[in-house]
Amino acid sequence: PAKLAAVAQDLAVIAGGGREIPSLALDLNDVARHDELLDAAERALGGLDALLLAQGELGKQDAAQADYAATRALLETNLLGPISLLTRVANRFEAR
């Protein structure tokens, strides 16, 4: 959250200052909260016209090769969490 706040402040300066840049944090593996995040984003921004998702975890190859749980955790973070969020976004966009 501290790094996110710093990025939001930087964006406010780039945008000319005096403007609040909404920011929200979420663990994408917590798929039960995806709708909550999207609702909050729509409230903060007055709706959503587009979404850019730039996230991921590189992980440790040795651990992933040796341990199924480590591989599964990477797949949940880099594949399943984003699929869940993006599916919900797509459904909202299609419903318009």
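Rules behind the numbers
Residues numbered from 1 in each chain as written. Predicted model: local features only at pLDDT ≥ 70, side-chain atom pairs only at ≥ 80, totals over all residues. Heavy atoms only, no water. Helix = DSSP H or I, 4+ residues; strand = E, 2+ residues; numbered from the N terminus. Rg over C-alpha atoms; globule rule 2.2 N^0.38 Å. Buried < 20%, exposed > 50% of the residue type's maximum accessible area, 1.4 Å probe, protein only. Contact = heavy atoms within 4.5 Å. Salt bridge = Lys/Arg side-chain N within 4 Å of Asp/Glu carboxyl O. Axes fitted to C-alpha atoms, helices over the stretch in contact; angles between N-to-C directions. Parallel < 35°, antiparallel > 145°, perpendicular 65-115°, else oblique. Left-handed = near helix turned anticlockwise from the far one by under 90°. Nonpolar A, V, L, I, M, F, W, Y, C, P; charged D, E, K, R; others polar.

Student: Now, about the overall build of the protein chain: what can you tell me, with residues and values included?
Tutor: If you tally the helices and strands in the protein chain, you get four helices and zero strands. Taken against the 2.2 N^0.38 rule, which gives 12 Å for 96 residues, the C-alpha radius of gyration of the protein chain at 16 Å runs more than 25% over that of a compact globule. Dimensions of the protein chain along its principal axes, counting C-alpha atoms only, are 50 × 35 × 15 Å. The buried share of the protein chain, reckoned over its 96 residues, is 18%. By sequence separation, contacts in the protein chain at least 24 residues apart represent 51% of the contacts at least 6 residues apart.

Student: Before we move on, can you summarise the pattern of salt bridges with the specific residues and values?
Tutor: Summed over all chains, the structure comprises six salt bridges. Note that aspartate 35 and arginine 88 form a salt bridge whose closest N and O atoms lie 3.0 Å from each other. With aspartate 35 in helix H2 (residues 34–45) and arginine 88 in helix H4 (residues 68–94), this residue pair connects regions lying 53 residues apart in the sequence. A relative accessible area of 33% means that aspartate 35 is categorised as partly exposed. Put simply, glutamate 76 and arginine 72 hold a salt bridge, and the shortest N to O gap is 2.8 Å. Of this pair, glutamate 76 and arginine 72 both sit in helix H4, separated by four residues, roughly a single helical turn. Residue classification places glutamate 76 among the partly exposed residues on the basis of a relative accessible area of 29%. Salt bridges here are not isolated pairs; linked through shared partners, they connect Asp35, Asp39, Glu42, Arg88 and Arg92.

Student: Go over the packing of H2 against H4, please, and point to the residues and values.
Tutor: Axis separation between H2 and H4 bottoms out at 10 Å; the angle between their running directions is 50°. Considering the angle they form, H2 stands oblique to H4. Seen along the crossing, H2 lies across H4 with a hand that is right-handed. Packed against H2, whose contacting residues are His34, Asp35, Leu37, Leu38, Asp39 and Glu42, the element H4 presents Gly81, Ser84, Leu85, Arg88, Val89 and Arg92 at the interface. Classifying every residue of the contact of H2 with H4 gives four nonpolar, three polar and five charged.

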